[in-house]
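The residues making up each chain are set out below.
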Amino acid sequence: MILSRVELINFKSFADKTTFDFSSGITAILGPNGCGKSNVVDAIKWVLGEQNPRTLRGEEMTDVIFAGSENRRPTGMAEVSLYFDNSNGQLPTEYNEVCITRRLYRSGESEYLINKNPCRLRDIRELFMDTGIGTSAYTVIEQGKVEALLSAKPHERRLVFEEAAGISKYKARRKEALSRLERTDQNLLRSTDIVEEIEKRIRSLSRQASNARRFQNLADELRTAKGRYFTARWTTERDKLQELRSQIGKLEVLHREEAARNGNLNNEISELQNRELGMEAEIETATGQLRKVEQETSAIESEKVRTEEQLKALEREGEQREGTLESLRLRTAAMETEKGKLTTERQALTEEVETL
């Protein structure tokens, strides 16, 4: 496996697309200060997944994007691609040439690609594990790192030797396995707690279900009892309603009879009132006649007195007037009789009027 080519687009000082071809045998990059050697190393470390901007000699990760110059405007994206010759099959992939690409936008969005296919940073790290290629691996040694390696502490140098010997891969896998075991233990504890909590909830739900079933049974019984009660009540009320309707019918018949009777009584009362009016008229007429008779009687009595006073003077005419006197007496008696009858009739009429 050989790094064959590096392409930089808008990365730091490389505003234009720049390609570095590494033919067989090239192991170092030399040049004067400020020509961009460190930027090439930063690009390789950056595309391999470096996440600390200070390691790339910047304050923020977006500082790797070309910031512009007097003649060039700033760009919005930086891209670096590494091409590896995998003809020996060292990398676990079917491609003979492997291209690793990283893009970064000023919005902070980042993309990783393997042979132009989107992937994760973890996929890239697993691809180069145990190959000596990485952000802090021994394959890329920048200026000053040799001196730092010589003056490093034994445990620091041990990391480099383990990486070169291919042990770091197994240590990483062991660390990952231990981490998975720890997560599994935590998940197991969490699952146990969840199971206990679920069992508590199941017991509580069982009690609630039992109460719910009991409530449902009681509700069914109550519904049945209500149905029976309302059915019996409806039957009773229906019978009462029928009885009331029958009574209403009878009362309506009685009402009609009473109405007819009242009509008859009203007719009778009208007739009686009419008769009363007629009787009152007759009584007035009889009263008038009685007054007339009384006046005539008074006149007759006066005449009788005058006649008696004149008897002596009319003794000679007595014989001639005897018949007249007798007739007058008869007439007076008849009038007295008529007066009694009228008085009796008047009293009867008065009592009948009071009764009506």
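The structure presented is a predicted model; accordingly, all values stated were derived computationally and were not measured.

Criteria and cut-off values
Residues numbered from 1 in each chain as written. Predicted model: local features only at pLDDT ≥ 70, side-chain atom pairs only at ≥ 80, totals over all residues. Heavy atoms only, no water. Helix = DSSP H or I, 4+ residues; strand = E, 2+ residues; numbered from the N terminus. Buried < 20%, exposed > 50% of the residue type's maximum accessible area, 1.4 Å probe, protein only. Contact = heavy atoms within 4.5 Å. Core = buried A, V, L, I, M, F, W, Y, C linked by side-chain atoms within 4.5 Å. Salt bridge = Lys/Arg side-chain N within 4 Å of Asp/Glu carboxyl O. Patch = residues over 30% accessible without salt bridge, like charges linked within 9 Å, V, L, I, M, F, W, Y side chains within 5 Å. Areas by Shrake-Rupley, 256 points an atom, 1.4 Å probe, with all protein chains shown as cover. Lys, Arg positive; Asp, Glu negative; His and termini not counted. Charge placed at Lys NZ, Arg CZ, Asp CG, Glu CD. Polar contact = N/O pair within 3.5 Å; in protein donor to acceptor, adjacent residues only side chain to side chain. Pairing = 2+ DSSP bridges. Axes fitted to C-alpha atoms, helices over the stretch in contact; angles between N-to-C directions.

### Things to note about the overall build of the protein
No. 1: Within the protein one finds six helices and six strands.
No. 2: Listed N to C, the secondary structure of the protein is β-β-α-β-β-β-β-α-α-α-α-α in terms of helices and strands.
No. 3: Taking all 356 residues of the protein together, the buried fraction comes to 22%.
No. 4: For the protein, the share of sequence-separated contacts (at least 6 apart) that also reach a separation of at least 24 residues comes to 55%.

### Here's the deal with the nonpolar core
No. 1: Ranked by internal contacts, the top residues of the largest apolar core, which has 30 residues, are Trp 46, Ile 100 and Phe 128.
No. 2: Contributions of two or more residues to this core are made by strand S1 (2-9), helix H1 (37-47), strand S3 (77-85), strand S4 (97-105), strand S5 (110-114) and helix H2 (121-127).
No. 3: Of the residues forming this core, the biggest block, five residues, is contributed by H1.

### A word on the pattern of salt bridges
No. 1: Counted by the stated rule, this structure contains 13 salt bridges.
No. 2: For Asp 42, the salt bridge is made with Arg 57, and the minimal N-O distance between the two is 2.5 Å. Within this pair, whereas Asp 42 is found in helix H1, its partner Arg 57 is found in the loop between H1 and S3, the two being separated by 15 residues in sequence.
No. 3: Given a relative accessible area of 1%, Asp 42 falls into the buried group.
No. 4: Judged by relative accessible area, Arg 57 falls into the exposed class, the value being 52%.

### Describing a negative patch on the surface
No. 1: A grouping of Asp 193, Glu 196, Glu 197 and Glu 199 is seen on the molecular surface, where their side chains present a negatively charged patch.
No. 2: Mapped onto the elements, Glu 197 comes out in helix H5 (residues 167-309).
No. 3: Residue Glu 197 is classed as partly exposed on the basis of its relative accessible area, which comes to 43%.

### Overview of the side chain of Ser 81
No. 1: Looking at the secondary structure, you find Ser 81 in strand S3.
No. 2: A polar contact is formed between the side chain of Ser 81 and the side chain of Thr 101, at a distance of 3.0 Å.
No. 3: Beyond its immediate stretch of four places on either side in the chain, Ser 81 contacts Arg 5, Val 6, Glu 7, Cys 99, Ile 100, Thr 101 and Lys 116.

### Here we look at H1
No. 1: Judged by how many residues are buried, H1 sits mostly within the fold: 10 of 11 residues are covered.
No. 2: Within the sequence span of H1, burial applies to Lys 37, Asn 39, Val 40, Val 41, Asp 42, Ala 43, Ile 44, Lys 45, Trp 46 and Val 47.
No. 3: If you follow the buried residues of H1, they end up packed against S1, strand S2 (18-21), S3, S4 and S5.
No. 4: Note on H1: the residue one or two positions beyond its end, Gly 49, has a positive phi of about 115 degrees.

### Thoughts on the sheet that holds S1
No. 1: Read from one edge to the other, the open sheet built from six strands follows the order S2-S1-S3-S4-S5-S6, with strand pairing classed as antiparallel. With partners counted over all chains shown, the strands left at the sheet margins are S2 and strand S6 (117-119), one partner each. The mean angle between the axes of side-by-side strands here comes to 20 degrees, regardless of whether they run parallel or antiparallel.
No. 2: Looking at chain direction, S5 and S6 are connected through three bridges and run antiparallel. Residue pairing for S6: Ile 114 is matched across the bridge by Asn 117.
No. 3: With respect to the sheet, H1 is in contact with S1, S2, S3, S4 and S5, its orientation differing from that of S3 by roughly 80 degrees.

### Examining the environment of Gly 49
No. 1: With respect to the helices, strands and loops of the structure, Gly 49 is situated in the loop between H1 and S3.
No. 2: Look at Gly 49 and you get buried, because its relative accessible area is 1%.
No. 3: Sequence spacing of Gly 49 and Arg 120 is 71 residues, and the spatial spacing of their C-alpha atoms is 9.9 Å.

### Looking at the pairing of S5
No. 1: Where S4 lies against S5, five bridges are found, and the strand directions are antiparallel. Considered in S5, the bridge of Ile 100 is made with Ile 114.
No. 2: Here S4 folds back onto S5, and the loop between the two strands holds four residues, one of which, Gly 108, carries a positive phi near 100 degrees.
No. 3: Between S5 and the antiparallel strand that follows it, S6, lie two residues; Asn 115 among them carries a positive phi value of about 55 degrees.

### Points about unusual backbone geometry
No. 1: We note that Lys 12 has phi near 55 degrees; this positive angle belongs to a residue other than glycine.
No. 2: With respect to the helices, strands and loops of the structure, Lys 12 is situated in the loop between S1 and S2.
No. 3: One non-glycine residue, Asn 115, lies in the positive phi region at around 55 degrees.
No. 4: Asn 115 sits in the buried class, given a relative accessible area of 16%.

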